[in-house]
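Here is what each chain is made of, one letter per residue.
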Amino acid sequence: MFLQPLQYDEPLFRPPGEARSAILQVTTGCSWNKCAFCEMYTSKQFKIKSFEELKPEIKILADFYRGVSKKVFLADGDAFVLPAKRLIPVLEEIRSRFGRLQRISSYAMPKDILSKSDDELKELRELGLKLLYIGIESGDDELLKLVNKGETFDSTVEGIRRAHNSAIDTSIIIINGLGGRLFSEQHALGSAKIISRVNPRFLSTLTLSLPYGLEHFQSRFKGEYIQQTIVELYKELKVFIENLDVENVIYRSNHVSNNLVLEGTLSKDNPRLLKQIDEAIQITPGHIKPSLPLFL
Ligand code: SF4
């Protein structure tokens, strides 16, 4: 296992693209912590760390990663919930300790972006905050309510646009299978619509994971949830990709939860990606349901 320079409040999550980044836990847990499909931070009480706590940690990270990494990821769940006036000194300290950085990034909810002014977003960008990972999960308002996401199609589009207008890139996550069989088509179409509207720099699809089992998720889902087979999940993904209208979006479906690994640039690679999905549909027995990975 990779040696960590700090004692983190576990469990600690970071996007696959931040595997080599220095991770600074500016918050623990998630301020929302209510999404029906997410168990990442249910064991943690949300807390914001003080600047005094973070300062020595930034120094340790800068010393440890000197010459190794030029990227810093702010954890946990939605570190961007911090008001700009608390984030700015943290970013300034990171810059002063690390020197020239490639980027600083963080998970964010659209409401975290909307709570900041354009001037604040631009200042954060100038201090190195170049990428926000946003788990929008779906573009369908009915499904967003059923999983208690706390965001809507409109709030999500507005939040992402505000980030883009301040030159902050976004990496968007959609969850394949989030609505089960009953909501599959509207989920795929709504998600394609919202991605087409915002045209993010990066897009990834995960597959719904059920670490505590199907019944537990069904008890949190505010409607009827019927689990899909793997073939049905592939078909949902196909509808999603077929209906995208985007340019130069770097797409990855390579998370541990995914049964089929897909990588490409949308829309240039759409024909190849759709062909890969068709081939997977043909060779996968129709009755098999996804296994249950331990983590989302
Ligand atoms: S999906 Fe994101 S916003 Fe929702 S509970 Fe999990 S960490 Fe929080």
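What you are looking at is a predicted structure, and each value in this text was computed from that prediction instead of being measured. (Residues numbered from 1 in each chain as written. Predicted model: local features only at pLDDT ≥ 70, side-chain atom pairs only at ≥ 80, totals over all residues.)

## With respect to the overall build of the chain
Secondary structure assignment for the chain yields 10 helices and 10 strands. Computed over C-alpha atoms, the radius of gyration of the chain comes to 19 Å, within 12% of the 19 Å expected from 2.2 N^0.38 for 296 residues, which places it in the range of a compact globule. By its C-alpha atoms, the chain is 55 × 40 × 35 Å across when sized along the principal axes. Evaluated residue by residue, the chain yields a buried proportion of 42% over its 296 residues. For the chain, the proportion of contacts with a sequence separation of at least 24, taken over those separated by at least 6, is 82%. (Helix = DSSP H or I, 4+ residues; strand = E, 2+ residues; numbered from the N terminus. Rg over C-alpha atoms; globule rule 2.2 N^0.38 Å. Buried ≥ 20, exposed ≤ 12 C-beta atoms within 10 Å, placed from the backbone. Contact = placed C-beta atoms within 7 Å.)

## Brief notes about helix 7 (residues 180-198)
Look at helix 7: 25 Å from first C-alpha to last across 19 residues, which is about the 27 Å you get at 1.5 Å a residue. All of the buried residues along helix 7 are G180, F183, S184, H187, A188, G190, S191, A192, I194, I195 and V198. Of the surrounding secondary structure, the elements contacted by the buried residues of helix 7 are strand 6 (129-137), helix 5 (141-146), helix 6 (153-165), strand 7 (169-176), strand 8 (202-207) and helix 9 (230-242). Phi turns positive, to about 40°, at N199, one or two residues after helix 7. (Expected span 1.5 Å × (residues − 1).)

## Details of the packing of helix 2 (residues 84-98) against helix 4 (residues 118-126)
Axis separation between helix 2 and helix 4 bottoms out at 10 Å; the angle between their running directions is 15°. By the angle between their directions, the pair helix 2 and helix 4 is classed as roughly parallel. Both helix 2 and helix 4 take part in a crossing whose hand is left-handed. Residues A84, L87, I88 and L91 of helix 2 lie in contact with helix 4, whose contacting residues are E120, E123 and L124. (Axes fitted to C-alpha atoms, helices over the stretch in contact; angles between N-to-C directions. Parallel < 35°, antiparallel > 145°, perpendicular 65-115°, else oblique. Left-handed = near helix turned anticlockwise from the far one by under 90°.)

## Describing the pairing of strand 7
Most of strand 7 sits inside the fold, with six of its eight residues counted as buried. With six bridges connecting them, strand 6 and strand 7 associate as parallel partners. Following the sheet pairing, L132 is matched in strand 7 by T170. Of the crossover connections in this fold, the one passing from strand 7 over helix 7 to the parallel strand 8 is right-handed. (Pairing = 2+ DSSP bridges. Right-handed = clockwise from strand over helix to strand, strands pointing away.)

## Examining unusual backbone geometry
Of note, the amide linkage connecting A75 to D76 takes the cis form, showing an omega dihedral of 0°. Its place among the elements puts D76 in the loop between strand 4 (71-75) and helix 2. Omega for the peptide link from L266 to S267 comes to 10°, which places this bond in the cis form. The topology assignment puts S267 in the loop between strand 10 (262-266) and helix 10 (270-283). Of note, A167 is a non-glycine position whose phi angle comes to about 65°, a positive value. What makes A167 exposed here is the crowd of 11 C-beta atoms within 10 Å. The backbone of N248 sits at a positive phi, close to 55°, despite the residue not being glycine. Tracing the sequence through the fold places N248 in the loop between helix 9 and strand 9 (249-253).

## What to know about the pairing of strand 5 (residues 103-107)
Taking burial as the measure, the five residues of strand 5 include four buried ones, the bulk of the element. Note that strand 4 and strand 5 share four bridges and pair parallel. Paired with F73 across the strands is S105, a residue of strand 5. In this fold, strand 4 hands off to helix 2, which returns the chain to strand 5; that crossover is right-handed.

## Focus on the sheet that holds strand 9
The eight strands lie next to each other as 1-4-5-6-7-8-9-10, forming an open sheet whose pairing is mixed. Each having just a single partner strand, strand 1 (22-25) and strand 10 make up the two edges of the open sheet. Each strand axis lies, on average, 20° off the axis of its neighbour in the sheet, ignoring direction.

## Quick notes on helix 9
Side chains three or four residues apart in an α-helix point the same way, a direct result of the helix having 3.6 residues per turn. Its 13 residues place the ends of helix 9 18 Å apart at the C-alpha level, agreeing with the 18 Å of an ideal helix rising 1.5 Å per residue. Where helix 9 is concerned, the buried positions are I230, L233, Y234, E236, L237, F240 and I241. Down the axis of helix 9, the sector holding all buried residues measures 160°, keeping them to one side. On the buried face of helix 9, the contacting elements are strand 7, helix 7, strand 8 and helix 10. (Arc of directions from axis to C-beta.)

Remember, this is a structural readout, not a statement about activity or role.
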